Amino acid sequence: MSKVICIDPGHGGIDPGGGSNKHFKEKDMVLKISLEQKRHFERNGIKVVMTRTNDEYLDSIPRTNRVKTSGAKYCISNHLNAGGGEGAETIYSIHASSTIATGVLNALVAQGAKKRRVFNRRGTNGDWYYMHRMTGSVSTVIVEYGFADNSNDTDKVLNDWKRYAEAVAKYYIEHVFKQKYIPEKGGVQVANDKGPETLNLPQWQKSEMAKVYKLARGKGVFSSEEHEKNVLAGDMPIDQAIFLMTAIAGAALNGGKRVQ
Ligand SMILES: [Zn+2]
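What you see is a predicted model; the values in this text were computed from it and never measured.

Undergrad: Explain the pattern of salt bridges to me, please; I cannot follow it from the model alone.
TA: Two side chains that carry opposite charge are able to pair once their charged atoms sit near each other. Within this structure, the stated rule accounts for 13 salt bridges. A salt bridge links Glu174 to Lys170; its shortest N-O distance comes to 3.6 Å. Linking Glu174 with Lys170, this pair stays in helix H5 (residues 151-176), spanning four residues, or about one helical turn. One connected set of salt bridges, linked through shared partners, spans Glu36, Arg39 and Glu184.

As structure tokens, then:
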């Protein structure tokens, strides 16, 4: 199986992006970050498909079509924020677990970014974000590196955009593609992140949890025994456990039917 990732530099062309200021336009900064990530993925043997590689304007339809036809299972959509906040945030699909989005944010925080939040947002017609709503089965994480109208964030983005870019690529290479990250000779050394925090429970509690997952599987909430195995092996991330318990609670409210 060849490993491939899609990278989406937000905005472009006539759309500069809201995360712009007197130092940079969002469309330019996110393109620089994206091309830097591409370099690190390719150095590590992972194929990259970009939605754009220059200052091209892309509407939601061609943009998401490029994601869907990329052959990638994962997509990173790079953005900068504006609107009076501070810090980095990552956004995952309403149909996904928050594991990757959490790991990406933690990786940025390890490079000095201020932690804002990991979230998702439901709209009236599915996911609020078209990068989630219109990208089919591709697992997309929207990464907002900081606020262009916040001076701390702006300084960090200007000084550390390369470090941020590499930290995100490194996270995917290690924790999503599960291969050893090869740092660049003479390149910036990004700090190691711990990856998602796993449940630190005594074995009897893991066994009890596995029974709950098994019961839920028997009622059709989960389709495989993967969750039982993961919790028993002690490598279930905390946020995945929270997501699963929410799914079970949702199914219970739904009369034992699988939550779509
Ligand atoms: Zn944006």
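Undergrad: Please clarify how the sheet that holds strand E5 (residues 115-119) should be interpreted in this entry.
TA: In a beta sheet, neighbouring strands are held together by backbone hydrogen bonds and run either parallel or antiparallel to one another. Read across the open sheet, the six strands follow the order E2-E1-E3-E8-E4-E5; overall the sheet is mixed. If you trace the sheet from one side to the other, it starts and ends with strand E2 (47-50) and E5, each paired once. For this sheet, the mean inter-axis angle between neighbouring strands, taken without regard to orientation, is 20°. Two elements, strand E3 (residues 74-81) and strand E8 (residues 139-147), share seven bridges in a ladder whose sense is parallel. Each residue of the ladder has a partner; that of Cys75, found in E8, is Thr140.

Undergrad: How should I be thinking about the packing of helix H3 (residues 99-110) against H5 in this particular structure?
TA: For any two helices packed against each other, one specifies the inter-axial angle together with the distance between the axes. Interaxial distance between H3 and H5 falls to 9 Å at its minimum, and their mutual angle equals 140°. With respect to H5, the axis of H3 lies oblique. Classified by chirality, the crossing of H5 by H3 is right-handed. Residues Thr99, Ile100, Gly103, Val104, Ala107 and Leu108 of H3 lie in contact with H5, whose contacting residues are Tyr164, Ala167, Val168, Tyr171, Tyr172 and Val176. For the contact of H3 with H5, the per-class residue count stands at 10 nonpolar, two polar and no charged.

Undergrad: Just to check I follow, could you spell out the pairing of strand E1 (residues 4-9) for this structure?
TA: One face of the sheet, then the other: side chains in a regular strand alternate in exactly this way. With six of its six residues buried, E1 lies for the most part within the structure. Burial along E1 is two-sided: the residues Val4, Cys6 and Asp8 and Ile5, Ile7 and Pro9 are all buried. Across four bridges, the pairing between E1 and E2 is parallel. Within E2, the residue paired with Ile7 across the bridge is Met50. Between the parallel elements E1 and E2, the chain passes through helix H1 (residues 26-43) in a crossover that is right-handed. Bridge count between E1 and E3: five bridges; the pairing is parallel. Each residue of the ladder has a partner; that of Asp8, found in E3, is Ser77.

Rules used in this analysis
- Position labels on residues start from 1 in each chain and follow its written sequence.
- The predicted nature of this model means local features are confined to residues of pLDDT at least 70 and side-chain atom pairs, given and counted, to a pLDDT of 80 or more, with totals for whole chains, interfaces and linings taken over all residues.
- Side-chain numbers here rest on the full set of heavy atoms in the structure, without hydrogens or water.
- The term salt bridge refers to a pairing of a side-chain nitrogen on Lys or Arg with a carboxyl oxygen on Asp or Glu at a separation within 4 Å.
- Counting from the N terminus, the helices are the DSSP runs of H or I reaching at least four residues and the strands are the DSSP runs of E reaching at least two.
- One bridge is not enough; two strands pair if DSSP finds at least two bridges between them.
- Comment: axis = line fitted to C-alpha atoms, over the contacting stretch for helices; angle = value between 0 and 180 degrees taken between N-to-C directions.
- Should an angle lie under 35 degrees it is considered roughly parallel, over 145 roughly antiparallel, and from 65 to 115 roughly perpendicular; all remaining angles are considered oblique.
- Left-handed is the label given to a crossing in which the near helix is rotated counterclockwise from the far helix by less than a right angle, and right-handed is the label when the rotation is clockwise.
- Contacts between residues were defined by any pair of non-hydrogen atoms, one from each residue, lying within 4.5 Å.
- Side-chain classes follow a simple rule in which Ala, Val, Leu, Ile, Met, Phe, Trp, Tyr, Cys and Pro form the nonpolar group, Asp, Glu, Lys and Arg form the charged group, and the remainder, Gly included, forms the polar group.
- Think of it in three bands: with a 1.4 Å probe and only protein chains considered, a residue is buried below 20% of the maximum accessible area for its type, exposed above 50%, and partly exposed in between.
- With strands facing away from the observer, any crossover in which the path from the first strand over the helix to the second runs clockwise is taken as right-handed.

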